[in-house]
Structures are given as structure tokens and as C-alpha cells.
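If you want the building blocks of each chain, they are given just below.
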Amino acid sequence: LTTVDAMIDDAENSNKAVSAGFVPLSNSRRQRDQKLYTNQDSIYEVIRLAKEYYKSLYGAKSQEYRTIAALKFNKPSSLR
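Presented here is an overview of the structure given in this document. (Residues numbered from 1 in each chain as written. Predicted model: local features only at pLDDT ≥ 70, side-chain atom pairs only at ≥ 80, totals over all residues. Heavy atoms only, no water.)

Another aspect to go through is the overall build of the chain. On a plain count of helices and strands, the chain comes out with three helices and zero strands. Order of helices (α) and strands (β) in the chain, N terminus to C terminus: α-α-α. On C-alpha atoms alone, the chain measures out to a radius of gyration of 23 Å, which is more than a quarter above the 12 Å that the 2.2 N^0.38 rule sets for 80 residues. Overall, the C-alpha framework of the chain stretches about 75 × 20 × 15 Å when taken along its three principal axes. When burial is assessed residue by residue, the chain has 12% of its 80 residues classed as buried. For the chain, contacts bridging at least 24 residues in sequence account for 38% of all contacts bridging at least 6. Mean positive and mean negative side-chain charge positions of the chain (13 and 9 charges, respectively) differ by 16 Å. (Helix = DSSP H or I, 4+ residues; strand = E, 2+ residues; numbered from the N terminus. Rg over C-alpha atoms; globule rule 2.2 N^0.38 Å. Buried < 20%, exposed > 50% of the residue type's maximum accessible area, 1.4 Å probe, protein only. Contact = heavy atoms within 4.5 Å. Lys, Arg positive; Asp, Glu negative; His and termini not counted. Charge placed at Lys NZ, Arg CZ, Asp CG, Glu CD.)

In this model, helix α2 (residues 43-58) (16 residues) spans 22 Å end to end at C-alpha, consistent with the 22 Å of a helix rising 1.5 Å per residue. Trailing α2 by a residue or two, G59 shows a phi angle of about 95°, which is positive. (Expected span 1.5 Å × (residues − 1).)

Moving on: the side chain of E45. Along the chain, E45 turns up in helix α2. Given a relative accessible area of 18%, E45 falls into the buried group. Within the local environment of E45, its side chain forms a polar contact with the side chain of R48, the two groups lying 2.7 Å apart. E45 has contacts with N39 and Q40, leaving out every residue within four places of it along the chain. (Polar contact = N/O pair within 3.5 Å; in protein donor to acceptor, adjacent residues only side chain to side chain.)

Shown next as C-alpha cells:
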């Protein structure tokens, strides 16, 4: 019986630790997503604008544009 009580206490403590870590993890993921995908100055937007610029500057069939267009950086569907 003592062993079962100890196991229950351990499970409850573990659950509390996971719950306490969820908010910081969620906040960190949101900050990451903003830097990578959703902010106006995100990496995703910078790459997209660079591709547009090269296309307008050199043309869609140029080697310069093809080189930069080959870079793939996809936004997760959950952020679209």
C-alpha cells in the first residue's frame, strides 16, 4: 500500500512538472514561429521578397533567379 501511494505521489508530481513546463514551451514556440514565419521581418518574408526582387531584376529564366528560387523555405500549414 505504501508503494502504491508513493507511485501515485510520483505520478502527480510528474504531471505537475509537465504542466508547469507547458506554458514556457508554448511561449517559446510562438516566439520561434514569429521570427521564422509570421512577422513582417521574418526569415520567410525576407526570402520571399528576395525571390521576388531577383525575379524582377534578372527575369524568371535567369540563372541568378533560378539559383535563389531553388531555396525552399515552407511555412507550416498551421500558420497560413
